[in-house]
Structures are given as C-alpha cells and as structure tokens.
Amino acid sequence: MSDCIFCKIVKGEVPSAKVYEDEHSFAFLDIMPAVKGHTLVIPKTHYEAFLDIPKLKLQALISAVQKVTKAVVKSTGSAGYKIEMFNGEIAGQGVFHAHFHIIPRDKNDSIEFRADKNWWVQKKDLYKEGEKEEYAEKIKKRLEAV
Ligand code: 5GP
Ligand code: ZN
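Criteria and thresholds
Residues numbered from 1 in each chain as written. Chains lettered and ligands numbered in written order. Predicted model: local features only at pLDDT ≥ 70, side-chain atom pairs only at ≥ 80, totals over all residues. Heavy atoms only, no water. Core = buried A, V, L, I, M, F, W, Y, C linked by side-chain atoms within 4.5 Å. Buried < 20%, exposed > 50% of the residue type's maximum accessible area, 1.4 Å probe, protein only. Helix = DSSP H or I, 4+ residues; strand = E, 2+ residues; numbered from the N terminus. Contact = heavy atoms within 4.5 Å. Axes fitted to C-alpha atoms, helices over the stretch in contact; angles between N-to-C directions. Parallel < 35°, antiparallel > 145°, perpendicular 65-115°, else oblique. Left-handed = near helix turned anticlockwise from the far one by under 90°. Nonpolar A, V, L, I, M, F, W, Y, C, P; charged D, E, K, R; others polar. Polar contact = N/O pair within 3.5 Å; in protein donor to acceptor, adjacent residues only side chain to side chain. Near = heavy atom within 4 Å. Areas by Shrake-Rupley, 256 points an atom, 1.4 Å probe, with all protein chains shown as cover. Expected span 1.5 Å × (residues − 1).

Focus: the nonpolar core
Here comes step 1: Residues Val19, Tyr20, Leu29, Val41, Val68 and Ile139 are the most contacted members of the largest nonpolar core, which totals 24 residues.
Here comes step 2: Those elements that place two or more of their residues in this core are strand 1 (18-21), strand 2 (25-29), helix 2 (55-76), strand 5 (100-105) and helix 3 (131-145).
Here comes step 3: Top contributing element to this core by residue count: helix 2, with 7 residues.
Here comes step 4: If near-sequence neighbours (up to four positions away) are discounted, Tyr20 is found in contact with Ser25, Phe26, Ala27, Ala64, Lys67, Val68 and Leu143.

Details of the packing of helix 2 against helix 3
Here comes step 1: Where helix 2 meets helix 3, the closest approach of the two axes is 8 Å, and the angle between their N-to-C directions is 120°. Considered as vectors, helix 2 and helix 3 are oriented oblique to each other. You can see that helix 2 and helix 3 cross each other, and the crossing is right-handed. Where helix 2 abuts helix 3, its residues Lys67, Val68, Ala71, Val72, Lys74, Ser75 and Thr76 lie against Tyr135, Lys138, Ile139, Arg142 and Leu143.
Here comes step 2: Of the residues assigned to the contact of helix 2 with helix 3, the class counts are 6 nonpolar, 2 polar and 4 charged.

Description of the side chain of His99
Here comes step 1: Of note, His99 is situated in the loop between strand 4 (80-84) and strand 5.
Here comes step 2: You can call His99 buried: its relative accessible area is 5%.
Here comes step 3: One polar contact links the side chain of His99 to the main-chain carbonyl oxygen of His97, over a distance of 2.7 Å.

A few points about the site of ligand 1
Here comes step 1: Of all residues adjacent to ligand 1, which total 18 residues, the nearest are Asp30, Gly94, Val95, His99 and His101.
Here comes step 2: Measuring from an oxygen atom of ligand 1, one finds a side-chain N or O atom of His99 at 2.7 Å.
Here comes step 3: Relative to its free-state accessible area of 520 Å², ligand 1 is covered by the protein chains to the extent of 89%.
Here comes step 4: Only helix 1 (5-11) and strand 2 provide two or more residues apiece to the shell around ligand 1.
Here comes step 5: At 3 residues, the largest contribution of residues to the shell around ligand 1 is made by helix 1.

Some thoughts on helix 2
Here comes step 1: For helix 2, built from 22 residues, the straight-helix expectation of 32 Å at 1.5 Å per residue is met to within 8% by its first-to-last C-alpha distance of 31 Å.
Here comes step 2: All of the buried residues in helix 2 are Leu58, Leu61, Ala64, Val65, Val68, Thr69, Ala71, Val72, Val73 and Ser75.
Here comes step 3: Those residues of helix 2 hidden inside the fold are in contact with strand 1, strand 2, strand 3 (39-43), strand 4, strand 5 and helix 3.
Here comes step 4: Downstream of helix 2 by a residue or two, Gly77 has a phi angle that is positive, lying close to 70°.

Take a look at the structure:
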C-alpha cells in the first residue's frame, strides 16, 4: 500500500528505530510510546488487521512477536509485559497495517490509561536525547545473541 506509513517503514522510506527483521516480519520502536521499550511487530506485507493475515504469515509473525518480546523484556529488565493488538477503528486501531504492541510493564512504570477509551496515553517526548536509539540497540543486541 503506497500511502501506508508502516509499509514505508518496512521499505526504509520512513526512518524507524528498527530492532528486528526477518523474511516475513519487522519490528521497531513506537514513535509515541506508552513506556520506554514499547515496540511494534508487523508483517512486512500489508494486511489491514488480524483476520486478514494468512495462516502461514501469522505463524511467522507470532514467532517474531515472541522472539522480540523476549528481547524487550530481557533488555529492559521489566517484571511483566503486555502484548496488544487493536483491530478496527472502534477497537482503537489507528494505523491500518496489522501490528502487535509489546509493552514492558513494571510496578511503578509511567504508563497512564485514558479513562474514556481502552487506550494508553501516548508520550511523544518520553525518551531523552539518544535514549530511543540506546533502547533499540539493546533490544537488537539481545536478538542477535539468541
Ligand atoms: P494503533 O492504535 O493502530 O494500534 O497504534 C498505532 C501505533 O503506531 C501508535 O502507537 C503510534 O504511536 C505508532 N506509530 C504511528 N506512526 C508511526 C511512525 O511513523 N513511526 C513509528 N515508529 N510508530 C508510529
Ligand atoms: Zn502497510
């Protein structure tokens, strides 16, 4: 899809803090994270939502989600993690290229939820200068070590 932001990220036309890529899947840090380390995992091919992804691609994608989650959790040292996916506008989907959110969680982390919606507050300036790249690098290193 030529006007899809995530397709552009996969093609390298839009920059991203990439942490992982394989034949079918791609992962990068969310630009407006709920917490530091918030990562998105997407199929490289454009599928709008969960039910549109062919079974074999979904199997590859979910394996990538597990791999990346392991690296996010290990590199951030988080006590827990959320894996979420929003499908359809009514369910909170904003980018219509299917994606899983991986969100590390800790007891006193900075995540905040909006009271009116099933949605966390997105934080534009959560990372300090250079910190986003440091997070991405740490996650990438963990993935390479597997
Ligand atoms: P959704 O509501 O569709 O599940 O979430 C889309 C997510 O994509 C949001 O968390 C948003 O911050 C993230 N996002 C949107 N545009 C970009 C972008 O250009 N780059 C990155 N890295 N993340 C994006
Ligand atoms: Zn797309």
